[in-house]
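Observations on the model geometry
Letter by letter, the chains look like this.
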Amino acid sequence: MPKAATPPNNEARLRALEAYDILDTPIEPSYEAVTELASSICETPISVVNFVAGGRQWFKSEVGLGVRETPLEPSICAHAILGEELLVVSDTTTDPRFADNPLVTGEPHLRFYAGALVRSREGLPLGTLCVLDTAPRVLDEHQLRSLRILADHVRNMLELRRTTRESREMAQSLRKALAGRQRLIATVAHDLRTPLQVFRLGAELLQSPETDPAARQTLAGRLGRASASMTRLVEDLLDLETEGGGNLSIEREPFRLGSVLEDVVELMAPLADEAGVSLVLEPGPDRAVLGESARVHQVLANLIGNAVKFTPSDGRVSVCMDGDDVRTRVVVTDTGVGISPEHLETIFDPHVRVGSTHTPGAGLGLAIAQRIVEAHGGDIGVESTVDSGTRFWFTLPTHHG
C-alpha cells in the first residue's frame, strides 16, 4: 500500500488546523447536518467531515462509520489533501494507491471515494468532506457540485468558529488592557500624593508667622526636591508607556550613598511627623556606589514614603546601609500593617494595585523603583508579615576609588 506523501508546508498546515481549535471537540448539529445531507445527495451510506492531523485523521462528523478517528496511514483523505479540490475514486480496487489498502481489502470494504477539500483561510488543506460506498459508483455533475458546495460550507463554519474565538480573545485582551489602564491611573494618582503632601506641608509652614528664616530656607530646598521627584515620576510614567517600558538610561558616576539617604530622610520627615511615625536613619559607615544619585533618591523616596504611609501612628520606619566590596545594600524596615503573601508576588507589577490590610498600596512607584535598581545592575526585594511589618531592600554596585 503506497503511503501518502507528506503535504507541502505540512507544519504550517498543522498550525493552521490548530488555530481553528476544532480537533477533539464534541458533536455539533451543524456539522451533523452536512454529513447527512452529503450522504443523501450522493446516495452513499458513508459521509465524513474529516481533518488530517498529526498521525491520525479525526472526524468532526460522520455517517455510517461509528468511529471518531482512525490512523493516518490507511487514510484515503491523506491522499486527497495532496491534490486538487476534488478527488474521486470510482473503484478503489483498480487504483494502485488503494487496491491493497486494509480499508479496501478488509472491513468496511470501501470501493468508492469522493472527497472535496476543506481549506484554511490561508489556503492550506485541512481535510475533506468525503462520501464513501462499499460498491463502485459514479457521481453525476449535480452531486459533485453539491459536494464542493457543502465543503465550502464546512470551511465557512470553521472560519466563523475561528473568528468568534479570535474576537472573544481580543475582547478579553481589551478588557484586561482597560482594567490595567484604570489601575495605572489610580496608581499614578496614589504615587503623586507623596510629593504633593510635601508641598502642602511646606506651604503651611511657609505661611506660618512662627517659621523662622532658616526654616524657610530649609523648606524651600525640600520643596525643590519634591518638585524634582514629581517631575521624575512623570518622566518614568512616559518610559513605562513606551516600548513596554524599555530600558532606563542611567548615568553611572560614583557618589556617596549616605548623603542621599540623609537627604531623603530629611525630605520625608514632615510626612512621618504628621503620621506620628518615627523615621530613623540608622548610624553606619558611608559607602560609595556607582550610578545616578537622582534615580537612587527616587527609589528611596518611594520606599520610605510607602513605609511611612503604611505604618500606624507610634510605629517606626528605619533606614540602614551595609554591604561589601561588590554590592552595597539599603534596607527600609517598618512596623506597619504588612503585605499578604499573595500580594507579594505582584508587588512590582505596574498594572496591579496591591492592597494592604488597611490602605490601598502603590504599584507604579515600586515598578519604577525595580526598573531603576535593575538598570543599575542591582536587585530589589521585599519581605513582609501581615500586622508585623515590611522590609524592602535593594542593592547597588559598590564603587572602588
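Below or above, wherever it landed, is the structure these notes cover. Please read these numbers as outputs of a predicted model, since none were measured by experiment. (Residues numbered from 1 in each chain as written. Predicted model: local features only at pLDDT ≥ 70, side-chain atom pairs only at ≥ 80, totals over all residues. Heavy atoms only, no water.)

1. Some words on the overall build of the protein
Helix and strand counts for the protein stand at 11 helices and 13 strands. A burial count over the protein gives 45% of its 401 residues as buried. For the protein, long-range pairs separated by at least 24 residues make up 69% of all intrachain contacts whose partners lie at least 6 apart in sequence. As displayed, the protein has an accessible area near 19,400 Å², and 54% of this comes from carbon and sulfur atoms. (Helix = DSSP H or I, 4+ residues; strand = E, 2+ residues; numbered from the N terminus. Buried < 20%, exposed > 50% of the residue type's maximum accessible area, 1.4 Å probe, protein only. Contact = heavy atoms within 4.5 Å. Areas by Shrake-Rupley, 256 points an atom, 1.4 Å probe, with all protein chains shown as cover.)

2. Looking at the nonpolar core
Counting residues in each nonpolar core, the largest one holds 42 residues, and the members touching the most others are Leu257, Met268, Val296, Leu300, Ile304, Phe392 and Phe394. When residues of this core are traced back to their parent elements, those giving at least two are α6 (193-207), α8 (257-275), α9 (293-309), β10 (316-323), β11 (327-334), α11 (364-375), β12 (380-385) and β13 (389-397). The element that contributes the greatest number of residues to this core is α8, accounting for 9 residues. Beyond its immediate sequence surroundings of up to four residues, leucine 257 is in contact with Asp286, Arg287, Val289, Val296, Met321, Thr328, Val330 and Leu396. In terms of nonpolar packing, the next biggest core, distinct from the first, is built from 28 residues, Tyr31, Ala38, Leu144 and Ala151 among them. (Core = buried A, V, L, I, M, F, W, Y, C linked by side-chain atoms within 4.5 Å.)

3. A closer look at the pairing of β11
For a regular strand, side-chain orientation follows a simple rule: the groups alternate between the two sheet faces. When β10 meets β11, the two strands line up antiparallel, connected through 7 bridges. In the sheet register, methionine 321 faces β11, and the bridge partner there is valine 330. In this antiparallel pair of consecutive strands, β10 and β11, the connection spans 3 residues. Examined bridge by bridge, β11 and β13 share 8 bridges and lie antiparallel to one another. Considered in β13, the bridge of valine 332 is made with phenylalanine 392. (Pairing = 2+ DSSP bridges.)

4. Regarding the packing of aromatic side chains
Counted under the stated rule, the structure contains 1 aromatic pair. Aromatic pair phenylalanine 348 and phenylalanine 392: ring centres 6.4 Å apart, planes at 85°, arrangement edge-to-face. Of the two residues, phenylalanine 348 is situated in the loop between α10 (341-344) and α11 and phenylalanine 392 in strand β13; the sequence distance between them amounts to 44 residues. The ring centre of tyrosine 20 lies 4.8 Å from the NZ or CZ of arginine 162, which sits over that ring. (Phe/Tyr/Trp six-rings, centres within 6.5 Å; stacked < 30°, edge-to-face > 60°. Lys NZ or Arg CZ within 6 Å of the ring centre and 35° of its normal.)

What is shown is where atoms sit, not what they do.
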